[in-house]
Amino acid sequence: MSILHILNGDSTAYSFAETGLDGDVMVWREVLSEGPLEENITSGSFWRKRSEWIGETFEDTPENYQGKVLGQLAKLDEEYDEINLWFEFDLHCQVNLLGVMNYMKQKTDLSAPAIYLISPADYPGKENFGGMGELSGEELEYLFDNTRVQLSEMDFLVAAEAWRVYVSKDAEQLMYYLNETEFWGSLHNLKPALAAHLKRLQVNEKKLNYIEQKLLEIYNNGYSTWPEILSVFSQTEKIYGMGDLEINIYLQKLIRKGLIVI
């Protein structure tokens, strides 16, 4: 049986190499929680805009994006009997999960492979669980054996609707969706992640969203260096799953507004 494991990021890939699980590996390296998006994730314009934004924001090259991101997508053109999606609870991972599921739905005949989700919000014995990247190969195998669920056609319909709402970047539409939606299927971490995203769309009287407000609060509490601010935010706001480069997007906005000096 041909098997594909889709991993969200290289940190999980390092540990996954220590497992005894069979199958090919595809690493999803996009950051769909930031930057421009379109509903049609299979379009050429979607990936062109993503490549341009990644290049400008993170000082990357089109060649690097082609190799690390688009080159990995080619694996979804191959035929597999089973596909396993490894995505965590935070907004970064959940939006990437929506992207993967919608890419597959828009591009692939989903009647062929059995598609499973491994999406832990916690881990036995780990009080401050931060993600699969901190787990050993043996611990990843435990998740595979004990938490894996098979996705249904309804799960892909939920993902399609959630993706449509997310891409709209409309706070009122997202609030209505969160309040009115009762069925989330197997996507049990999606609602809290989207609720965190809603807080990003809403701004206060100073036109600052929740992330910018928290960063400014951390700064005003005496954490004045870049590493300190990043560390405190990452510890207190795990629901966003943001890396240093992503947090820096918001820090730079505060710097340009003259609200913090680093």
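Residues numbered from 1 in each chain as written. Predicted model: local features only at pLDDT ≥ 70, side-chain atom pairs only at ≥ 80, totals over all residues. Heavy atoms only, no water.

Caption draft 1: Here's a closer look at the pattern of salt bridges. Within the structure shown, the criterion is met by nine salt bridges. Across the salt bridge formed by Lys 214 and Glu 237, the nearest N and O atoms sit 4.0 Å from each other. Pair noted here: Lys 214 is in helix H9 (residues 210-220) and Glu 237 is in the loop between helix H10 (226-236) and helix H11 (244-256), with a separation of 23 residues, a long-range link. Exposure remark for Lys 214: the relative accessible area of 18% places this residue in the buried category. Of the residues examined, Glu 237 reaches a relative accessible area of 9% and is grouped as buried. (Salt bridge = Lys/Arg side-chain N within 4 Å of Asp/Glu carboxyl O. Helix = DSSP H or I, 4+ residues; strand = E, 2+ residues; numbered from the N terminus. Buried < 20%, exposed > 50% of the residue type's maximum accessible area, 1.4 Å probe, protein only.)

Caption draft 2: View of the packing of aromatic side chains. Tallying each qualifying case throughout the model produces twelve aromatic pairs. Seen in terms of ring centroids, Trp 53 and Phe 58 are 5.5 Å apart; in terms of plane orientation they differ by 85°. Their pairing is edge-to-face. An aromatic cluster is present here, built from Trp 28, Phe 46, Trp 47, Tyr 103 and Trp 163 joined pairwise through their rings. The ring of Tyr 116 has Arg 148 sitting right over it, with the charged end atom 3.8 Å from the ring centre. Directly above the ring of Tyr 210 sits Lys 199, whose terminal nitrogen or CZ lies 3.9 Å from the centroid. (Phe/Tyr/Trp six-rings, centres within 6.5 Å; stacked < 30°, edge-to-face > 60°. Lys NZ or Arg CZ within 6 Å of the ring centre and 35° of its normal.)

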